[in-house]
Amino acid sequence: MGQQQILLIVLSVILVGIAIAVGITMFQSQAAQSNIDAMIADLNNLGAQAYQYYIRPVSMGGGGNSYTGFHTYFTNLPTGMKSNSNAVYTCVVGDILGEGAAAGSAVRIKAVSALDAAVIRWVLVNDNGAMSITSGETGPTL
């Protein structure tokens, strides 16, 4: 073989290696984004569950127009709704009220990614059923 042919083979091997590395990187990036999209879909579902609890009468196991008690309701949900291959979900009660907001008028649910614990998303559901999804360590306030 001539030097020119060996050079072309080496160059081809290098280009194929670069193409494979780029493909792997793109796949990993897509997998991470797919995980976040799935977390958001799960949060939308859990937010809808929260609002259903809110509007359901107390006599039927709901909150009677209050999210007070939703944490207990949440802990009794099936395990697959609280933890799956996408994330681990927790109902967070506490400091979510802004000035003038009534107690029990909102609930937040936190999702921590199963792929990367640094990826955190929150859903805040208010008394109108409106949901807002945010990211970060601390959740949204009303």
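Look up a bit, the structure's there.
Student: Got a sec to walk through the sheet that holds strand E3 (residues 120-126)? Specific residues and values, please.
Tutor: Spatially, the four strands line up as an open sheet ordered E1-E2-E3-E4, and their pairing is antiparallel. Because the sheet does not close on itself, it has two edges, and the strands there are strand E1 (87-92) and strand E4 (131-135). Within the sheet, the average angular offset between the axes of one strand and its neighbour, ignoring direction, is 20°. Pairing geometry for E1 and strand E2 (residues 106-113), over six bridges, is antiparallel. Bridged to alanine 87 within E2 is serine 113.

Student: Can you break down the nonpolar core residue by residue, with the values?
Tutor: Among the nonpolar cores identified, the biggest contains 20 residues, and Phe70, Phe74, Tyr89, Val107 and Ile109 are the most heavily contacted of them. Listing elements by their share of this core, those giving two or more residues are helix H1 (3-55), helix H2 (70-75), E1, E2 and E3.

Student: Before we move on, can you summarise the pairing of E4 with the specific residues and values?
Tutor: Where E3 lies against E4, five bridges are found, and the strand directions are antiparallel. Along E4, the bridge assignment pairs tryptophan 122 with threonine 134. Here E3 folds back onto E4 in antiparallel fashion, the turn holding four residues, of which glycine 129 has a positive phi close to 85°.

Student: Requested: an account of the packing of aromatic side chains, with residues and values cited.
Tutor: Here the distance between the centres and the angle between the planes together describe a pair of aromatic rings. Applying the stated rule across the entire model yields six aromatic pairs. When the ring of phenylalanine 70 is compared with that of tyrosine 73, the centres are 5.6 Å apart and the planes differ by 35°; the resulting orientation is tilted. One end of the pair, phenylalanine 70, and the other, tyrosine 73, are both in helix H2, three residues apart, so they sit about a helical turn from each other. According to the relative accessible area criterion, phenylalanine 70 is buried, its value standing at 1%. Relative to phenylalanine 74, the ring of phenylalanine 70 has its centre 6.1 Å away and its plane inclined at 50°; by these criteria the two rings are tilted. In this pair, phenylalanine 70 and phenylalanine 74 both sit in helix H2, four residues apart, roughly one turn of the helix.

Student: Outline the environment of asparagine 44, listing residues and values.
Tutor: By the element assignment, asparagine 44 lies in helix H1. Between the C-alpha atoms of asparagine 44 and valine 123, which are 79 residues apart in sequence, the distance is 7.6 Å. Setting aside chain neighbours within four positions, we find asparagine 44 in contact with Met131 and Ile133.

Calculation notes
Residues numbered from 1 in each chain as written. Predicted model: local features only at pLDDT ≥ 70, side-chain atom pairs only at ≥ 80, totals over all residues. Heavy atoms only, no water. Pairing = 2+ DSSP bridges. Helix = DSSP H or I, 4+ residues; strand = E, 2+ residues; numbered from the N terminus. Axes fitted to C-alpha atoms, helices over the stretch in contact; angles between N-to-C directions. Core = buried A, V, L, I, M, F, W, Y, C linked by side-chain atoms within 4.5 Å. Buried < 20%, exposed > 50% of the residue type's maximum accessible area, 1.4 Å probe, protein only. Phe/Tyr/Trp six-rings, centres within 6.5 Å; stacked < 30°, edge-to-face > 60°. Contact = heavy atoms within 4.5 Å.

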